[in-house]
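Each chain is listed here by its residues.
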Amino acid sequence: MQRYELVHAGDYLAGLRFRGRQIEAIPAAIRPTDLDTAYAIQDVVVDRLLTRQGGQRIGYKIACTSKGAQEMLHVDGPLYGQMLSFSSHAAPATLRRSDFTQCVIESEFGFRMASDVPAAPAGYSAESIVPFIDALLPAIEIVNFRFVDWTVVGANSIAADNAIHGAWVYGEPVSDWQQLNLETHEVTLAVNEKPFDAGTGAAVLGHPLNALAWLANELSRHGKQLCAGDLVTTGVCMDVYFAEAGDRLMADFGVLGRVALTVT
């Protein structure tokens, strides 16, 4: 795809966000056919969002880290998107339903990086990525997609649309999390004070640190890297919830804290 086509595709997707529109699919002439092209379009989308809203890139989201999400979206592995300061909020947060085409709630383990993560020829593992982590953050990601049926458009279109990231709500950082087994650590979500679902870190590629290591390795393949201070949210631990105006949500991570979100 030529540079002008990349820009056209990025402008098109950003425009859909600005107007709150949904489509069946990205037009064939500007639809990415590989992930390298999709991520190049993603960079244009993010640039347009920052030009309009202000702020800066603050880190990454990882999508499709659960088997259920991969099956639902017909993808065979994770994808990444970029998180932005203007759409990231400390809990408790209040967000407007009208700011999202769809408001899909995902309870997720987040991390803050302590130092830059250089490329590693052998790649990173769940164990070797730990020294680069500063803190764990309990979090809720809001997924916001522009596709009428997000389950059929494929990995490339989802990646191009900034991995359908909408917003992020994060709790207090926790520095002494290493003694916990995140694979079995339970997370619950309550909606309007009623239990909705529960899950564990095992849903996130088997362990949230597997997802973080995957991201470090994948960014290296695309000429990028995790940097000190970057924030990363690693993927949903349970079923997703489609929120509507009036909903009060509470993601409870036990000793790791709670994340409260009200949708108005």
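Residues numbered from 1 in each chain as written. Predicted model: local features only at pLDDT ≥ 70, side-chain atom pairs only at ≥ 80, totals over all residues. Heavy atoms only, no water.

What about the packing of helix α1 (residues 3–19) against helix α2 (residues 35–53)?
- Contact geometry for α1 and α2: axes closest at 8 Å, N-to-C directions at 50°. Comparing their axes, α2 and α1 come out oblique. As for how α1 packs across α2, the hand of that crossing is right-handed. Across from Arg3, Leu6, Val7, Ala9, Gly10, Asp11, Leu13, Ala14, Arg17 and Phe18 in α1, the residues of α2 making contact are Thr37, Ala40, Ile41, Val44, Val45, Arg48, Leu49 and Arg52.
- Along the lines of polarity and charge, the residues of the contact of α1 with α2 split into 11 nonpolar, 2 polar and 5 charged. (Axes fitted to C-alpha atoms, helices over the stretch in contact; angles between N-to-C directions. Helix = DSSP H or I, 4+ residues; strand = E, 2+ residues; numbered from the N terminus. Parallel < 35°, antiparallel > 145°, perpendicular 65-115°, else oblique. Left-handed = near helix turned anticlockwise from the far one by under 90°. Contact = heavy atoms within 4.5 Å. Nonpolar A, V, L, I, M, F, W, Y, C, P; charged D, E, K, R; others polar.)

So, the pattern of salt bridges
- Scanning the entire structure with this criterion turns up 12 salt bridges.
- Where arginine 48 meets aspartate 11, a salt bridge forms, and the shortest distance between an N and an O atom there is 2.5 Å. Pair noted here: arginine 48 is in helix α2 and aspartate 11 is in helix α1, with a separation of 37 residues, a long-range link.
- Judged by relative accessible area, which is 29%, arginine 48 ranks as partly exposed.
- For arginine 17, the salt bridge identified is with aspartate 161, shortest N-O distance 3.3 Å. Here arginine 17 is found in helix α1, whereas its partner aspartate 161 is found in the loop between α4 (155–160) and β7 (165–170), with 144 residues between them in sequence. Neither arginine 17 nor aspartate 161 differs from the other in exposure class; each is buried.
- One continuous salt-bridge network, built from bridges that share partners, spans Arg17, Arg146 and Asp161. (Salt bridge = Lys/Arg side-chain N within 4 Å of Asp/Glu carboxyl O. Buried < 20%, exposed > 50% of the residue type's maximum accessible area, 1.4 Å probe, protein only.)

Brief notes about the pairing of strand β13 (residues 258–263)
- Alternating positions in β13 separate cleanly, Val259, Leu261 and Val263 being buried on one face and Arg258, Ala260 and Thr262 remaining unburied on the opposite face.
- Sheet topology places strand β12 (residues 248–252) next to β13; 5 bridges connect them, and they run antiparallel. Residue pairing across strands places leucine 249 opposite leucine 261, the latter belonging to β13.
- Hairpin connection between β12 and β13: a loop of 5 residues separates the two successive antiparallel strands, and glycine 254 in this loop has a positive phi of roughly 65°. (Pairing = 2+ DSSP bridges.)

Quick word on the side chain of glutamate 141
- Within the secondary structure, glutamate 141 is located in strand β6 (residues 133–143).
- A distance of 3.0 Å separates a polar atom in the side chain of glutamate 141 from a polar atom in the side chain of lysine 61.
- Once residues within four sequence positions are removed from consideration, glutamate 141 is found in contact with Lys61, Val104, Ile105, Glu106, Glu108, His165, Ala167 and Trp168. (Polar contact = N/O pair within 3.5 Å; in protein donor to acceptor, adjacent residues only side chain to side chain.)

Here we look at the packing of aromatic side chains
- Evaluated as defined, the whole model comprises 7 aromatic pairs.
- Here the aromatic rings of tyrosine 60 and tyrosine 80 are separated by 5.8 Å at their centres, their planes lie at 85°, and the arrangement is edge-to-face. With tyrosine 60 in strand β1 (residues 57–63) and tyrosine 80 in strand β2 (residues 79–84), this residue pair connects regions lying 20 residues apart in the sequence. With respect to class, tyrosine 60 is no different from tyrosine 80; both count as buried.
- Both rings, one in tyrosine 124 and one in phenylalanine 132, keep their centres 5.5 Å apart while their planes meet at 85°; by these two values the pair is edge-to-face. Each member of the pair, tyrosine 124 as well as phenylalanine 132, is classed as buried.
- Put simply, the rings of Tyr39, Tyr60 and Tyr80 touch in pairs and so form one group of aromatic residues.
- Taking NZ or CZ as reference, arginine 52 lies 4.2 Å from the ring centre of phenylalanine 18, over its face. (Phe/Tyr/Trp six-rings, centres within 6.5 Å; stacked < 30°, edge-to-face > 60°. Lys NZ or Arg CZ within 6 Å of the ring centre and 35° of its normal.)

Some thoughts on unusual backbone geometry
- For the bond from alanine 91 to proline 92, the omega torsion is 0°, close enough to zero to count as cis.
- Its location among the elements puts proline 92 in the loop between β3 (88–90) and β4 (93–95).
- With phi around 50°, asparagine 162 is a residue other than glycine that occupies positive phi space.
- Structurally, the position occupied by asparagine 162 is in the loop between α4 and β7.

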